[in-house]
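Each chain, written out:
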Amino acid sequence: MTAADHRIPRDVANLLGTPGAYADGRIHETYRWLRANEPFGVADIDGVDPFWVATRHADILEISRQNALFHNGDRNPVITSQAADRKVREMMGGSPHLLRTLIHMDEPDHLKYRALTQAWFMPQNLRSMEERIRVIARAAVDRMAASGGRCDFVKDVALQYPLHVIMRILGAPEADEPRMLKLTQEIFGAADPELSRDGGAAKPIEEQAVDFGMITDFFDYFRKFSAGKRENPTDDLGTVIATSLIDGQPISDLEAMSYYIIVATAGHDTTSSSTGGALWALAENPGELAKVKADPSLIPGLVDESIRWTTPVKTFMRTATEDVTFADRDVKKGDWIMLCYASANRDEAVFDDPYSFRVDRKPNKHLAFGYGAHLCLGQHLAKMEMRILWEELLPRLDELELDGVPALSEAVFVNGPKRLPIRFKMH
Ligand code: HEM
């Protein structure tokens, strides 16, 4: 069966590229339809190269497992337009990548670069940071308690706490946090009228990053930061990256800047989204809140379920390295494939009652962190941060309800709650 036999209807395919569909729930209807009717089909939408769309948990798992057959670096690993692709290739001497992060690499480079920081993100090392992170969490909870029983949980807690943690880990000054938050929101919220630098032009991330100077701002910031770490090395991740060697040579400027950017952005926005998504779901499901308050041993389950529920990283792309028959379809070398993690995480074949939020869901084999060679480097940190926040917050939270209409950001790559007004009582 060829790609032409498995074309996804235009109106369905268009939603995959519509940022608003990720904010108002239409994307979940789209995924449900695709899983039932065209689980591995081709989307052909205006201005974007055609791409296969994988929506079933089993297919996404299999593609992620076979990283030699399904590469990250041969084309853009993030969905982009033909216009943005052309612009980036012109700027980057033919390369489709504006950055060279771990996500943009394949073996053998990928493992060498991943090894530079892997030890930092392993549970053994993270345990040594637990108390410092708890102090940060407690301060966030104290501020919430002092806010008079009403707040926007996203702006006041969920965005600030993981940002503070990752900036401490990098060894960046606290005064720089607002700047980093704004840049990250402008990158991931590039299509959202409230978050983007230009008011939500319908342009993909890279095109906006170039046109509106976000990438230059990131580079300006991290160039100075990196030079500072080389001059005055300290015991932090920023110094590890600045002083690292690849094949005996100092890491290049592009690759060091890319490393900082992925850690600084992926390192907080996703955790913020899952944290906000958790509180939103608990406010809407008082029975689940009562369960986890009554039995704190359910907190790790709450963390996993909220990551499944929000799935902040909606998609990544892969490229086939050879002709292959996959899911009974003829995939050609060079074909581009979208992995829809948020669809995998609502797949009825894997999850019992997938549209319900359950803090005691077991097993919970979600794919929100991806799988295989590129499995999220920060997953243990993200889970630990969230666990600690709930351990500090839940015992003090007596009442919780929504205090207005929450909202998700409009974005096709990374999204999550951008507004969560709540009313609460705490002691
Ligand atoms: C990779 C999700 C938190 C750093 C990824 C991937 C996903 C993801 C889906 C790609 C996996 C794949 O392609 O198979 C998430 C979610 C998070 C989170 C949902 C929070 C709930 C973090 C944190 C960091 C981080 C706290 C800290 C620095 C990275 C890095 C990669 C990555 C460096 C690239 C790994 C590689 O390509 O080898 N993450 N992430 N992430 N994540 Fe996370």
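- Where an unreviewed UniProt entry is consulted, the protein appears under the name Cytochrome P450, with the organism given as Phenylobacterium hankyongense.

### Description of the pattern of salt bridges
Now for step 1: All chains considered together, the criterion is met by 33 salt bridges.
Now for step 2: Residues Arg35 and Glu348 are paired through a salt bridge, measuring 3.0 Å at the closest nitrogen-oxygen approach. With Arg35 in helix α3 (residues 26-37) and Glu348 in the loop between α19 (341-344) and α20 (379-393), this pair connects stretches of sequence that are 313 residues apart.
Now for step 3: With its nearest N and O atoms 3.0 Å apart, the salt bridge here joins Arg387 to Glu130. With a gap of 257 residues between them, Arg387 in helix α20 and Glu130 in helix α8 (residues 130-145) connect regions that are remote in the sequence.
Now for step 4: One connected set of salt bridges, linked through shared partners, spans Glu130, Glu131, Arg134, Arg138, Arg387, Glu391 and Glu392.

### Overview of the site of the ligand
Now for step 1: Looking at the ligand, there are 28 residues lining it, with His110, Arg114, Arg318, His374 and Cys376 nearest.
Now for step 2: For the ligand, an oxygen atom lies 2.6 Å from a polar atom in the side chain of His110.
Now for step 3: Between the ligand and the protein, one listed contact pairs an oxygen atom with a side-chain N or O atom of Arg114 at 2.7 Å.
Now for step 4: Those elements that provide at least two residues to the shell around the ligand are α6 (109-118), α15 (253-266), α16 (269-284) and β7 (315-320).
Now for step 5: The residue makeup of the shell around the ligand, split by class, is 18 nonpolar, eight polar and two charged.

### Quick word on the confidence of the model for the protein
Now for step 1: On average, the protein scores 94 in pLDDT, and the residues at 70 or more come to 95%.
Now for step 2: Predicted complex, confidence summary: ipTM 0.99, pTM 0.96.

### Here we look at the packing of helix α13 (residues 214-231) against α15
Now for step 1: One can describe the packing of α13 onto α15 by two numbers: an axis separation of 10 Å at closest approach and a directional angle of 105°. Here α13 is positioned roughly perpendicular relative to α15, judged by the angle of their axes. Mapping the contact onto sequence places Phe218, Phe219, Phe222, Arg223, Phe225 and Ser226 in α13 and Asp253, Leu254, Met257, Tyr260, Ile261, Ala264 and Thr265 in α15.

### Here we look at the nonpolar core
Now for step 1: If you look at the biggest cluster of nonpolar residues, it comprises 111 residues, and the most contacted ones within it are Phe153, Phe222 and Trp390.
Now for step 2: Beyond its immediate chain neighbours, meaning those up to four positions away, Trp390 contacts Phe153, Thr275, Ala278, Leu279, Ile299, Leu302, Val303 and Pro395.
Now for step 3: Residues Leu16, Ala21, Met317 and Cys340 belong to the second largest nonpolar core, which totals 22 residues.

### Digging into the packing of aromatic side chains
Now for step 1: For the coordinates displayed, the defined rule picks out 14 aromatic pairs.
Now for step 2: The interplanar angle of 15° and the centroid separation of 6.1 Å between the aromatic rings of Tyr221 and Phe225 together place this pair among those described as stacked. Remark: Phe225 and Tyr221 occur in helix α13; sequence separation between them is four residues, near one turn of the helix.
Now for step 3: Classification of Tyr221 as buried rests on a relative accessible area of 7%.
Now for step 4: Between Phe222 and Tyr260 the ring centres are 5.0 Å apart and the planes differ by 10°, which places this aromatic pair in the stacked class.

### What to know about the pairing of strand β2 (residues 51-54)
Now for step 1: Judged by which residues are buried, β2 turns out to be covered on both faces: Phe51 and Val53 on one side and Trp52 and Ala54 on the other are all buried.
Now for step 2: Alignment of strand β1 (residues 40-43) against β2, held across four bridges, turns out to be antiparallel. Bridge pairing in β2 places Ala43 opposite Phe51.

### Topic: the side chain of Asp176
Now for step 1: Mapping Asp176 onto the fold places it in the loop between α10 (160-170) and α11 (177-188).
Now for step 2: Summary of buried charges: Asp176 has no salt-bridge partner, and the nearest side chain of opposite charge, Arg179, is 5.4 Å away.
Now for step 3: Once residues within four sequence positions are removed from consideration, Asp176 is found in contact with Met167 and Tyr221.

Conventions used here
Residues numbered from 1 in each chain as written. Predicted model: local features only at pLDDT ≥ 70, side-chain atom pairs only at ≥ 80, totals over all residues. Heavy atoms only, no water. Salt bridge = Lys/Arg side-chain N within 4 Å of Asp/Glu carboxyl O. Helix = DSSP H or I, 4+ residues; strand = E, 2+ residues; numbered from the N terminus. Near = heavy atom within 4 Å. Polar contact = N/O pair within 3.5 Å; in protein donor to acceptor, adjacent residues only side chain to side chain. Nonpolar A, V, L, I, M, F, W, Y, C, P; charged D, E, K, R; others polar. pLDDT = per-residue confidence, 0-100. Axes fitted to C-alpha atoms, helices over the stretch in contact; angles between N-to-C directions. Parallel < 35°, antiparallel > 145°, perpendicular 65-115°, else oblique. Contact = heavy atoms within 4.5 Å. Core = buried A, V, L, I, M, F, W, Y, C linked by side-chain atoms within 4.5 Å. Buried < 20%, exposed > 50% of the residue type's maximum accessible area, 1.4 Å probe, protein only. Phe/Tyr/Trp six-rings, centres within 6.5 Å; stacked < 30°, edge-to-face > 60°. Pairing = 2+ DSSP bridges. Lys, Arg positive; Asp, Glu negative; His and termini not counted.

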